[in-house]
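Residues per chain are reported as follows:
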Amino acid sequence: MPLQLLKEKNRAAVQKVTLGATKEEGGTRTHTITIGGDAALPFHHFEGEIPHRPVVAMEVQDIEPDWPDALKKCFVDVMKEPGRWAEKCVKEYGADLIYLKLDGADPEGANRSVEDCVAAVKEVLQAVGVPLIVVGCGDAEKDKEVLEAVAEAAAGENLLLGNAEQDNYKSLTAACLVHKHNIIARSPLDINICKQLNILITEMNMPPNRIVIDPSIGSLGYGIEYAYSIMERTRLGALQGDKMLSMPVLCTVGYEAWRTKEAVAPVSDFPGWGDTEERGILWEAVTATALLQAGAHLLLMRHPKAVALVKENIEKLMVSNAY
Amino acid sequence: MALTGLEIYKQLPKKNCGECGTPTCLAFAMNLAAGKASLDACPYVSPEAREALESAAAPPIAKVILGTGDKAVEMGDETELFRHDKRFNHEPAIALRVSDALSKDEVLSRVQSINDLSFDRVGQHYTVQAIAVTHDAQEPEAFVQTVELVAANTDLNLVLMAEDPAVLTPVVPKVAARKPLLYAANVNNYEAMVSLAKEHGCPLAVKASGLEELAGLVEKITGLGYKQLVLDPGARSLSRAVADFTQIRRLAIKKRFRPFGYPIMALTTSTDPLAEVLEAVNYIAKYASLIVLNTIAKAHLLPLLSWRQNLYTDPQVPIRVEEKIYEVGEVNENSPVYITTNFSLTYYSVEGEVESSRIPSYIIPVDTNGLSVLTAYADGKFDAEKIASVIKKLGIENKVKHRTLVIPGLVAVLKGKLEDLTGWKVLVGPREASGIPSFARNNFA
């Protein structure tokens with residue numbers, strides 16, 4: 001009796017979202033990047049098309065961040081200049097996109113002006129040709145001003161802007177609609193809120209194929225399994241035809257991984273844990289790899305070596321395994 | 001998939017004799033399906049029907065045991081494809097390779113390093129489970145010597161990897177009492193391998209090239225009467241392995257396809273050790289019960305074993321820590337006191353940040369049934385009365401001279417009432433644990 005393989009027939013696929021715009025399309029990017037479109041569970045090429053590989057965006061900030069030494073030393077010459085920093089990520093470290101975090105806007109921190117933030121975005125847009133993701137500092141009031149200004153100044157670039165949250169999505173959605181950008185819908189590790197937020201944003205006439213889900217992951221060792229299960233359920237929902245769970249998913253891997261003790265603690269504090277540098281790189285790379293198996297489309301990462309390892313892993317997983 | 005009452009009924013004698021204690025065969029079948037009756041109660045069931053019904057009642061994936069005693073590892077016995085449906089049962093065993101092409105000193109030093117691999121983090125203890133001795137040398141004697149040397153120097157379980165039965169035969173009797181996994185039966189050698197495994201009662205790996213060949217080979221082996229099996233479909237590229245392992249698990253669980261109802265083993269092929277760790281991360285996610293690895297560096301294994309532990313936690317039961325007074329650093333009567341909840345992720349995030357503040361402190365996780373701060377607050381399990389009664393009960397007032405508590409910023413609203421109830425001063429801490437170091441510097445340095 002020949003073996004009967006079990007292939008699931010999925011009713012629907014994940015939405016495709018295209019980021020960036022070339023000159024012809026009204027922007028200045030050298031190329032666009034499309035994520036999503038998966039018609040199967042992650043890397044199940046044998047039962048549905050996986051048209052686009054997951055991509056890695058490297059994080060750049062508008063002010064020099066207080067990062068651990070293991071990270072700083074990779075960017076030491078460029079960390080004060082977001083443009084050069086972004087350029088190094090793309091040219092030297094192979095970043096698919098740039099993720100610009102405007103932490104400098106924080107009123108509790110550097111409290112940089114809206115103009116300064118817009119200038120940082122422009123600097124990065126000039127320095128690199130890849131599509132850009134821009135996220136505010138987390139202070140709702142300030143982000144409203146900053147992101148509206150960024151959306152306007154970068155009109156036509158088809159950015160991915162964030163973060164929209166359940167109690168604060170209207171102004172960003174409106175700005176993205178007016179200036180034709182994509183939006184990050186961030187929910188606090190809760191699939192119901194995730195879906196609800198997508199409904200709210202689409203009710204403002206934002207097409208679903210311009211939304212990217214941020215499920216608020218936990219890193220390896222700190223709740224990654226919750227994110228893993230929510231992402232698996234999100235993908236299963238999308239494949240069963242739930243349009244409001246069908247957006248591609250991004251994961252804030254670098255931020256979560258590098259704030260753990262395991263990624264940075266010196267060997268002198270934890271002799272049983274082995275070499276700090278490789279431990280930190282792997283803490284980030286393992287977080288990313290595990291979440292790829294749950295359905296991540298866009299990984300926001302920091303360490304160049306972790307990025308290289310994860311991209312290599314993605315290449316291997318994108319080889320067809322059709323029977 | 002368990003059988004339905006009607007499917008069982010078709011196999012019964014349909015005499016309605018009532019001797020089982022149930023008036024009709026249909027009613028008896030319904031009871032069987034619900035697990036409320038045993039087939040033994042029926043005096044007339046045919047042997048064929050009994051076999052069919054018993055195999056349908058067997059778990060979809062067999063439990064196979066590597067080793068004996070305290071260190072024995074259970075593999076398989078899984079019932080789910082997704083952990084959100086129900087927890088995965090048995091964490092995959094990690095086996096580390098030791099080649100017989102190494103010198104005696106190299107083997108000894110590698111085995112010693114492997115023996116030392118154990119990790120403590122966030123109250124959990126992680127270990128590796130086995131050493132896989134691989135036959136890479138030209139001479140078969142090298143394998144015997146290496147296995148004996150490894151066995152004499154470790155308590156870990158053994159995986160014996162030499163596909164030639166002639167190489168395995170002399171060595172198996174020497175370590176058979178430790179129930180090593182024999183690797184591997186293939187289409188050419190399976191008869192000899194099965195008789196070796198049977199004779200010594202050792203689990204046997206079955207290696208094929210592809211799923212079709214694997215299914216046929218397993219049927220031949222079970223036909224010879226041996227069922228302590230571990231499956232290696234022979235995939236040596238990551239993408240193929242993910243697909244093959246998924247098919248094996250799906251067919252075993254959703255179709256009760258018997259030849260695939262055994263634990264799966266994965267062998268890494270990446271030469272770079274960091275890439276190897278990532279390869280193994282995929283195998284942990286996608287259903288491997290045993291993973292054979294090269295790297296033995298602590299910095300490589302800690303992340304991998306953490307991932308294994310995370311994935312295999314019970315999604316329905318939050319992990320908790322005990323409600324008591326925890327001491328971080330060399331505390332004294334002036335040390336700050338932090339209040340949080342007993343959800344382990346919450347507690348360990350706070351503990352990690354308090355530790356990095358480098359100011360010795362007490363932490364009191366209030367028992368909230370393992371809920372995080374906001375969830376527990378919303379659920380009425382983390383209010384001023386509760387916190388006041390816990391600090392009273394634990395007697396923190398006898399450990400510190402000051403009368404100041406730090407509560408999480410997310411429940412700042414509790415400050416007034418808690419001050420009234422306890423007479424202590426209440427400081428509102430940061431909303432996120434990551435804010436603790438600067439908070440501590442500003443308030444306690």
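Use the structure listed above.
Cut-off values and rules
- Residues numbered from 1 in each chain as written.
- Chains lettered and ligands numbered in written order.
- Predicted model: local features only at pLDDT ≥ 70, side-chain atom pairs only at ≥ 80, totals over all residues.
- Heavy atoms only, no water.
- Helix = DSSP H or I, 4+ residues; strand = E, 2+ residues; numbered from the N terminus.
- Rg over C-alpha atoms; globule rule 2.2 N^0.38 Å.
- Contact = heavy atoms within 4.5 Å.
- Areas by Shrake-Rupley, 256 points an atom, 1.4 Å probe, with all protein chains shown as cover.
- Disulfide = S-S within 2.5 Å.
- Buried < 20%, exposed > 50% of the residue type's maximum accessible area, 1.4 Å probe, protein only.
- Axes fitted to C-alpha atoms, helices over the stretch in contact; angles between N-to-C directions.
- Parallel < 35°, antiparallel > 145°, perpendicular 65-115°, else oblique.
- Left-handed = near helix turned anticlockwise from the far one by under 90°.
- Nonpolar A, V, L, I, M, F, W, Y, C, P; charged D, E, K, R; others polar.
- Pairing = 2+ DSSP bridges.

S.K.: What's the story with the overall build of chain B in this structure? I'm lost.
M.R.: Tallying secondary structure elements over chain B gives 17 helices and 17 strands in all. What you see for chain B is a C-alpha radius of gyration of 28 Å, clearly larger than the 22 Å of a compact globule of 445 residues, by over 25%. Structurally, chain B occupies a C-alpha span of about 75 × 70 × 35 Å along its principal axes. For chain B, restricting intrachain contacts to residue pairs at least 6 apart in sequence, the fraction spanning at least 24 positions comes to 65%. Of the roughly 18,300 Å² that chain B leaves accessible, carbon and sulfur atoms contribute 49%.

S.K.: I'm lost on the state of the cysteines in this one. Help?
M.R.: Put plainly, two cysteines are in a disulfide when a covalent bond ties their sulfur atoms together. Residues and elements named next belong to chain B. Within this structure, the stated rule accounts for zero disulfides over all chains. We note that cysteine 17 lacks a disulfide partner, and the nearest cysteine sulfur, in cysteine 20, lies 6.1 Å from it. For cysteine 17, a relative accessible area of 38% translates into the label partly exposed.

S.K.: For this particular structure, what's the right way to read the packing of helix 10 (residues 276-292) of chain A against helix 11 (residues 304-317) of chain A?
M.R.: For any two helices packed against each other, the geometry is given by the interaxial angle and the distance between the axes. Residue and element names in this part refer to chain A. Where helix 10 contacts helix 11, the two axes come as close as 8 Å, and the packing angle between them is 30°. By the angle between their directions, the pair helix 10 and helix 11 is classed as roughly parallel. Classified by chirality, the crossing of helix 11 by helix 10 is right-handed. When helix 10 is examined against helix 11, the residues Ile281, Glu284, Ala285, Ala288, Thr289 and Leu292 are found in contact with a partner set consisting of Lys305, Ala306, Leu309, Val310, Asn313 and Ile314. Classifying every residue of the contact of helix 10 with helix 11 gives eight nonpolar, two polar and two charged.

S.K.: Just checking my understanding: could you explain the sheet that holds strand 5 (residues 132-135) of chain A for this structure?
M.R.: Sheets are built from strands that pair by backbone hydrogen bonding, the pairs being arranged parallel or antiparallel. All names here are of chain A. With parallel pairing, the eight strands of this open sheet are ordered in space as 8-7-6-5-4-3-10-9. Two strands in the sheet have a free side with no partner beyond their single neighbour: strand 8 (211-214) and strand 9 (250-251). As paired elements, strand 4 (residues 97-101) and strand 5 share four bridges and run parallel to each other. Bridging from a neighbouring strand, lysine 101 pairs with valine 135 of strand 5. Each of strand 3 (55-61) and strand 10 (298-301) is contacted by helix 11, which is oriented at about 165° to strand 3, the strand it contacts most.

S.K.: Looking at this structure, how should I read the sheet that holds strand 8 (residues 181-185) of chain B?
M.R.: Residue and element names in this part refer to chain B. Across the sheet, eight strands lie side by side as 10-9-8-7-6-3-12-11; this open sheet has parallel pairing. What marks the edges here is a single partner per strand, and that holds for strand 10 (229-232) and strand 11 (265-267). Pairs of neighbouring strands in the sheet enclose a mean axial angle of 25°, with direction left out of account. As paired strands, strand 11 and strand 12 (residues 290-293) are joined by three bridges and run parallel to one another. Note that in strand 12 the partner of methionine 265 across the bridge is leucine 290. Docked against the sheet, helix 8 (residues 190-200) engages strand 8 and strand 9 (204-207), running at close to 165° with respect to strand 8.

S.K.: Would you mind showing me how to read the packing of helix 11 of chain A against helix 11 (residues 273-285) of chain B here?
M.R.: Remark: helix 11 of chain A packs on helix 11 of chain B, axes separated minimally by 10 Å, with the N-to-C direction vectors making an angle of 50°. One element, helix 11 of chain A, and the other, helix 11 of chain B, form an angle in the oblique class. The hand of the helix 11 of chain A/helix 11 of chain B crossing is right-handed. Along its contact with helix 11 of chain A, which presents Lys305, Leu309, Val310, Glu312, Asn313, Lys316 and Leu317 of chain A, the element helix 11 of chain B presents Leu274, Ala275, Leu278 and Asn282 of chain B. Of the residues in the contact of helix 11 of chain A with helix 11 of chain B, the class split is six nonpolar, two polar and three charged.

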